[in-house]
Amino acid sequence: MRHKGYKARTLIGINGPVTVRRARFRCAKTQAFEYPLDAVLDLPPQEVTVSVARRALRLSTHMSFETVQEELVYQHEVRLSDAVLDRVMQTTGQVAEQDRHREAEVLKTLPEGVVREEQALTKPSIARPRRLYVSVDGAMYPTRYRKEENGQQRIVYQEMKCATVFWQEGTNQWHKRVLSSRAAVDEFGLSVWELAVSCGLVQADEVIFISDGGTWCDTIAKGYFHDATRILDWYHLVEHIWATAHVLYPDEAEANRWVSRCKDELMETSGIGLLRFLQRSRNARVADASSAGLKGLDDLMGYLEPRRAITDYVEYKAKGYAIGSGMMESTCKQLVGARLKGSGRQWSETGAVAMAAVPRIEASDPVADTASCAPADCAAPSGTRATCSPT
């Protein structure tokens, strides 16, 4: 290594630019330049300090990049270009996703049962609630890819898998931890299980798994939460009921009355009672109903019948269970809707995964362990450790 003078590097900080003058060396073999002081000071690969990175990450969870830039100028007189802000987000999100994948790969090598649980329990415990809820769902987002359809190039949409683990403290306070990925179902399910373990899955008296009737959701429930109480999301089922109502009744008022009757049947007699009501409705309409109306009823009964065992809403309400995935819907909006959707937004595979991972770092409950904050450190110097602040 030969000394080749000095080169300054400037980082964007909350209190103004931070400039570091570093000795530069060139490797005689590779001809590449080396800056030993970068390693000594643990300088980040990007252009911002930890303080700026933390504020940008938190703001980006709730607003667009343009608004983040305006807020940073207004609050701290810090100006970040589109390129710098994008690199901070991408770096942070990619590290978070790499951490998730690495942990899942470790768990895959271990046999299911006590050994795998012990490995998952090595992570700091977040909570130990008496009743724990787990919910999964998917959210579509636009990509940069195209497919030809009817002679035109159409945008390809892909699904981001999302999950939330939530619980209640006392009578009002709810907490949640969230996860998102484009990983295969088995790997994502294992990551959701690991998150649930850190939130008290093993110690909880009751575990409730809420989801829609999707195939991959069912795979995760049966593969990793087979001892949990399954609940078909109430609101998702009601959406199916509304779809049938609009086929049966063009008049909105009549459709609304029919939906109300179906919801009453669900609340009073659960899914099996609704199936009986639908069958009676079908029998009464065989003679004069349109083929579309009969098909609508058949489709609804075909959807409900194989899921009848997870629609016992009478028992769920008696036990005080949450029966809807409102927490899951808000998670999808926070992880995907607020960041990946919007006019003109289109994403590569790695870009979408990284961007969805950024909000999940901050969207998780403030009772966060150090590991959940580690990705933010990769976008800033380690001289000041990044930490999660209460929302």
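Enquirer: What is the right way to read helix H10 (residues 291-304) from this model?
Expert: Because each turn of an α-helix spans 3.6 residues, side chains separated by three or four positions in sequence point in the same direction. With 14 residues, H10 should reach 20 Å at 1.5 Å per residue; the first-to-last C-alpha distance of 20 Å fits that figure. For H10, the full list of buried residues reads Gly293, Leu294, Gly296, Leu297, Leu300, Met301, Tyr303 and Leu304.

Enquirer: I tried to follow the sheet that holds strand S1 (residues 2-13) on my own but got confused; where do I start?
Expert: Hydrogen bonding along the main chain pairs the strands of a sheet, whether they run parallel or antiparallel. Strands sit in the order S1-S2-S3 across an open sheet of three strands; the sheet is antiparallel. In this open sheet, the two strands that pair with only one neighbour each are S1 and strand S3 (33-34). Of the strand pairs in this sheet, S1 and strand S2 (residues 16-26) are connected by ten bridges, and their pairing is antiparallel. Paired with Ile12 across the strands is Pro17, a residue of S2.

Enquirer: Help me understand the pairing of strand S7 (residues 206-211) in this model?
Expert: Along any regular strand, the residues point their side chains to alternate faces of the sheet. The buried count for S7 comes to six of six residues, which makes it a mostly enclosed element. What you see with S7 is no split at all: Glu206, Ile208 and Ile210 on one side and Val207, Phe209 and Ser211 on the other are buried throughout. For strand S4 (residues 131-149) and S7, the ladder comprises five bridges, and the chain directions are parallel. Following the sheet pairing, Ser135 is matched in S7 by Ile210. The pairing of S7 with strand S8 (residues 229-232) spans four bridges and is parallel. Of the residues in S8, the one forming a bridge with Ile208 is Thr229. This β-α-β element, S7 to helix H7 (residues 215-224) to S8, shows right-handed connectivity.

Enquirer: Please explain the packing of helix H2 (residues 50-60) against helix H4 (residues 82-108) as it appears in this structure.
Expert: Relative orientation and spacing of two packed helices are given, respectively, by the angle between their axes and the distance between those axes. At a minimum axis separation of 11 Å, H2 and H4 run at an interaxial angle of 85°. It follows that H2 is roughly perpendicular to H4 by the angle criterion. Two secondary-structure elements touch here, H2 through Ala53, Ala56, Leu57 and Ser60 and H4 through Leu85, Val88, Met89 and Thr92. Here the contact of H2 with H4 is composed, by residue class, of six nonpolar, two polar and no charged.

Enquirer: How should I be thinking about the sheet that holds S4 in this particular structure?
Expert: Spatial strand order, S6-S5-S4-S7-S8: five strands in an open sheet with mixed pairing. The open sheet has two free edges, formed respectively by strand S6 (173-181) and S8, since each of these has just one partner strand. In this sheet, adjacent strand axes meet at a mean angle of 25° when their direction is disregarded. Contacts between helix H6 (residues 185-198) and the sheet are confined to S4, strand S5 (152-169) and S6, with S6 contributing the most and set at about 155° to the helix.

Enquirer: Mind showing me how you'd approach the pattern of salt bridges here?
Expert: Close approach of charged atoms allows side chains with opposite charge to pair. Counting across every chain of the model gives 19 salt bridges. With its nearest N and O atoms 2.9 Å apart, the salt bridge here joins Glu206 to Arg131. One end of the pair, Glu206, is in strand S7; the other, Arg131, is in strand S4, and 75 residues separate them in sequence. Accessibility expressed as a relative area gives 16% for Arg131, which makes it buried. Members of the salt-bridge network, linked through shared partners, are Glu97, Arg100, Glu105, Lys108 and Glu187.

Enquirer: For this particular structure, what's the right way to read the nonpolar core?
Expert: When a protein is soluble and globular, its nonpolar side chains tend to lie buried together. Counting 32 residues, the largest nonpolar core has Ile231, Leu237, Ile241, Trp258, Leu274, Leu278 and Tyr313 as the members making the most contacts within it. For this core, the secondary structure elements donating two or more residues are S7, S8, helix H8 (234-248), helix H9 (252-285), H10 and helix H11 (313-318). Ranked by residue count, the leading element in this core is H9, at nine residues. Apart from residues no more than four positions distant in its own chain, Ile241 is found in contact with Trp258, Val259, Cys262, Leu266, Leu274 and Leu300. Residues Leu59, Val78, Ala139 and Val178 belong to the second largest nonpolar core, which totals 31 residues.

Enquirer: I tried to follow the confidence of the model for the chain on my own but got confused; where do I start?
Expert: Interpretation of the predicted coordinates at a detailed level should be avoided for regions scoring low in pLDDT. Per-residue confidence for the chain gives a mean pLDDT of 84; residues scoring 70 or more make up 90%. For the stretch residues 365-391, pLDDT sits under 50, and the model shows 61 contacts to residues farther than four places along the chain or on other chains.

Enquirer: When you look at the pairing of S5 in this model, what are you seeing that I'm missing?
Expert: Note that S4 and S5 share 14 bridges and pair antiparallel. Within S5, the position partnered with Ala139 by the bridge is Met160. Hairpin connection between S4 and S5: a loop of two residues separates the two successive antiparallel strands, and Asn150 in this loop has a positive phi of roughly 55°. Relative to S6, S5 runs antiparallel, the two sharing nine bridges.

About the cut-offs
- Residues numbered from 1 in each chain as written.
- Predicted model: local features only at pLDDT ≥ 70, side-chain atom pairs only at ≥ 80, totals over all residues.
- Heavy atoms only, no water.
- Helix = DSSP H or I, 4+ residues; strand = E, 2+ residues; numbered from the N terminus.
- Expected span 1.5 Å × (residues − 1).
- Buried < 20%, exposed > 50% of the residue type's maximum accessible area, 1.4 Å probe, protein only.
- Pairing = 2+ DSSP bridges.
- Right-handed = clockwise from strand over helix to strand, strands pointing away.
- Axes fitted to C-alpha atoms, helices over the stretch in contact; angles between N-to-C directions.
- Parallel < 35°, antiparallel > 145°, perpendicular 65-115°, else oblique.
- Contact = heavy atoms within 4.5 Å.
- Nonpolar A, V, L, I, M, F, W, Y, C, P; charged D, E, K, R; others polar.
- Salt bridge = Lys/Arg side-chain N within 4 Å of Asp/Glu carboxyl O.
- Core = buried A, V, L, I, M, F, W, Y, C linked by side-chain atoms within 4.5 Å.
- pLDDT = per-residue confidence, 0-100.

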